[in-house]
Amino acid sequence: MIDSGLKERRPYVILNMAQSINGYISGRDGERVQISSEYDSKRVMELRNSVDAIMIGGNTLRSDNPFLKSDNCRFRIVLKSDGILQMDSNIFKSEGTVIIVNESKETVHGKTIWISGGKPLDLKIVMSKIYSMGIRRILLEGGKKTAMNFLRNRLVDEMYLFIGNIFIEEGGIKMLDNSKRIKEIIVNAEIMDKGILLRLNPEKIGEAL
Ligand SMILES: NC(=O)c1ccc[n+]([C@@H]2O[C@H](COP(=O)([O-])OP(=O)(O)OC[C@H]3O[C@@H](n4cnc5c(N)ncnc54)[C@H](OP(=O)(O)O)[C@@H]3O)[C@@H](O)[C@H]2O)c1
């Protein structure tokens, strides 16, 4: 297992998101839109195969109902506070274990583990508990609220934003709509097939939130 190399006992976190040219990560009313190109989807699959767990927020589970496919990632993690989770969602059809982080419940049901993160959820406690389960690397795949919570708490170590070859009509969710000025945020930019991959500095965004 790859160790995170961090001083804190928490997993190494990679945040990966995709947005349209005009800044949207979803369509109107949170509707899922395919933003990643085929090439980018392969990159995301490689990222998924390099981590112990893939994490999403409750709204992404409800709106996108993703499978979070991977060849060898052992855990899928969902963060929720008081939202409802459909236990027949696609995430539960994966091979691995699903961890549901919630405010108070601690139980195991087959391949589903519920862990409590406090009320309100304290991400530092959550990360420490997840670390103690042997999880050393996490790919965080959004959505916005979850990503912003992690950035605000300085829990993101690496961040990628793919800008796809698409405009999305006004009314959806924007990833970076900060009112504060953030300079020198781009660490690296790469033109890919049908899009641009940005590696961003998570510290800089965290400082501005
Ligand atoms: N383009 C992309 O890269 C991308 C990636 C992922 C998602 N998306 C889009 O993003 C949209 C959803 O984003 P979103 O911002 O509305 O929601 P989200 O981040 O997916 O989920 C937010 C929910 O996660 C739970 N949660 C996360 N952090 C928490 C914390 N610190 N404390 C308590 N609860 C926490 C809560 O769940 P409960 O409500 O269950 O209590 C909260 O309501 C969807 O439209 C999806 O299509 C886009």
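For the structure, see preceding data.
The residue numbers shown here count from 1 along each chain, following its written sequence. Note on the predicted model: pLDDT of at least 70 is required for a residue's local features to be given, and 80 or more for side-chain atom pairs to be given and counted; whole-chain, interface and lining totals, by contrast, use all residues.

J.: Please clarify how the nonpolar core should be interpreted in this entry.
T.: A general feature of soluble globular proteins is that nonpolar side chains tend to end up buried together. We define the nonpolar core as any set of buried residues of the types Ala, Val, Leu, Ile, Met, Phe, Trp, Tyr and Cys, connected via C-beta atoms lying within 7 Å of each other. Partly exposed residues are those whose C-beta has more than 12 but fewer than 20 other C-beta atoms within 10 Å; with 20 or more the residue is buried, with 12 or fewer it is exposed, and the C-beta atoms are placed from the backbone. Grouped together as the largest cluster of nonpolar side chains are 48 residues, with contacts concentrated most on Val13, Leu15, Ala53, Val78, Leu140 and Phe150. Those elements giving two or more residues to this core turn out to be strand S1 (12–19), strand S2 (53–57), strand S3 (75–79), strand S4 (97–102), helix H3 (123–132), strand S7 (137–140), helix H4 (144–152) and strand S8 (158–164). Helix and strand definitions here come from DSSP, where helices need a minimum of 4 consecutive H or I residues and strands a minimum of 2 consecutive E residues; each element is numbered from the N-terminal end.

J.: Is there a simple way to explain the sheet that holds S7 in this structure?
T.: Think of a sheet as strands paired side by side through backbone hydrogen bonds, with each pair either parallel or antiparallel. Should DSSP find at least two bridges between two strands, the strands are regarded as paired. Read across the open sheet, the ten strands follow the order S5-S6-S4-S3-S2-S7-S1-S8-S10-S9; overall the sheet is mixed. If you trace the sheet from one side to the other, it starts and ends with strand S5 (107–109) and strand S9 (186–192), each paired once. Pairs of neighbouring strands in the sheet enclose a mean axial angle of 20°, with direction left out of account. As judged from the five bridges shared by S3 and S4, these two strands associate in the parallel manner. Across the sheet, residue Phe75 finds its bridge partner in S4, namely Thr97. Once C-beta atoms have been placed from the backbone, residue pairs whose C-beta atoms lie within 7 Å are recorded as contacts. Helix axes are fitted only over the stretch in contact, all axes being lines through C-alpha atoms; the angle between N-to-C directions runs from 0 to 180 degrees. Across the sheet, helix H1 (residues 38–49) touches S1, S2, S7, S8, S9 and strand S10 (195–200), and the angle it forms with S1 is around 165°.

J.: Would you explain H3 in this entry?
T.: Spacing of three or four residues puts side chains on the same side of an α-helix, whose turn is 3.6 residues. Every buried residue belonging to H3 is among Leu123, Val126, Met127 and Ile130, and all of these are buried. End-on view of H3: buried residues confined to an arc of 95°, all on one side of the axis. Tucked into the core, H3 has its buried residues touching S4 and H4. Think of it as the arc spanned by the lines of direction from the helix axis to the C-beta atoms.

J.: Honestly, the pairing of S1 in this entry has me stumped. Any pointers?
T.: By the criterion of burial, S1 is predominantly enclosed, with eight of the eight residues buried. Going residue by residue along S1, you find Tyr12, Ile14, Asn16 and Ala18 tucked away on one face and Val13, Leu15, Met17 and Gln19 tucked away on the opposite face as well. As paired strands, S1 and S7 are joined by four bridges and run parallel to one another. In the strand pairing of S7, Tyr12 is matched with Arg137. Summarising the sheet, S1 and S8 pair through six bridges and their orientation is parallel. Bridge pairing in S8 links Ala18 to Phe162.

J.: Would you mind going over the site of the ligand with me for this structure?
T.: In this entry, near means the residue's backbone-placed C-beta atom lies within 6 Å of the molecule or strand. Around the ligand, the structure places 30 residues, and the nearest of them are Gly57, Gly58, Gly83, Gly142 and Gly143. Secondary structure elements with two or more residues in the shell around the ligand: S1, S2, helix H2 (58–64) and H4. Ranked by the residues each element gives to the shell around the ligand, the list is headed by H2, at five residues. Basically, the charged four are Asp, Glu, Lys and Arg, the nonpolar ten are Ala, Val, Leu, Ile, Met, Phe, Trp, Tyr, Cys and Pro, and anything else, Gly included, counts as polar. The class makeup of the residues in the shell around the ligand is ten nonpolar, 13 polar and seven charged.

J.: I keep staring at the environment of Cys73 and nothing clicks. Help me out?
T.: Inspection of the secondary structure assignment puts Cys73 in the loop between H2 and S3. You can call Cys73 buried: it has 22 C-beta atoms within 10 Å. C-alpha separation for the pair Cys73 and Asn149, spaced 76 residues apart in sequence, amounts to 23 Å. Sequence-distant contacts of Cys73, defined by excluding residues within four places in its chain, comprise Arg48, Asn49, Val51, Asp52, Ala53, Ile54 and Gly96.

J.: Sorry, what's going on with the environment of Leu209 here?
T.: Looking at the element boundaries, Leu209 is found in the segment after helix H5 (202–208). Classification of Leu209 as partly exposed rests on a count of 13 C-beta atoms within 10 Å. Through-space distance from the C-alpha of Leu209 to that of Asn149 is 9.4 Å; in sequence the pair is 60 residues apart.

J.: Sorry if this is basic, but what is going on with unusual backbone geometry here?
T.: Both trends apply: most residues other than glycine have a negative phi, and most peptide bonds are in trans. The omega torsion of the bond from Lys119 to Pro120 falls at -5°, within 30 degrees of zero and hence cis. The linkage connecting Gly142 with the following residue, Gly143, adopts the cis geometry, with an omega of 5°. You can see Gly143 is positioned in the loop between S7 and H4. Positive phi, close to 55°, is recorded for Asp29, a residue that is not glycine. Tracing the chain through its elements places Asp29 in the loop between S1 and H1. Given 9 C-beta atoms within 10 Å, Asp29 falls into the exposed group.

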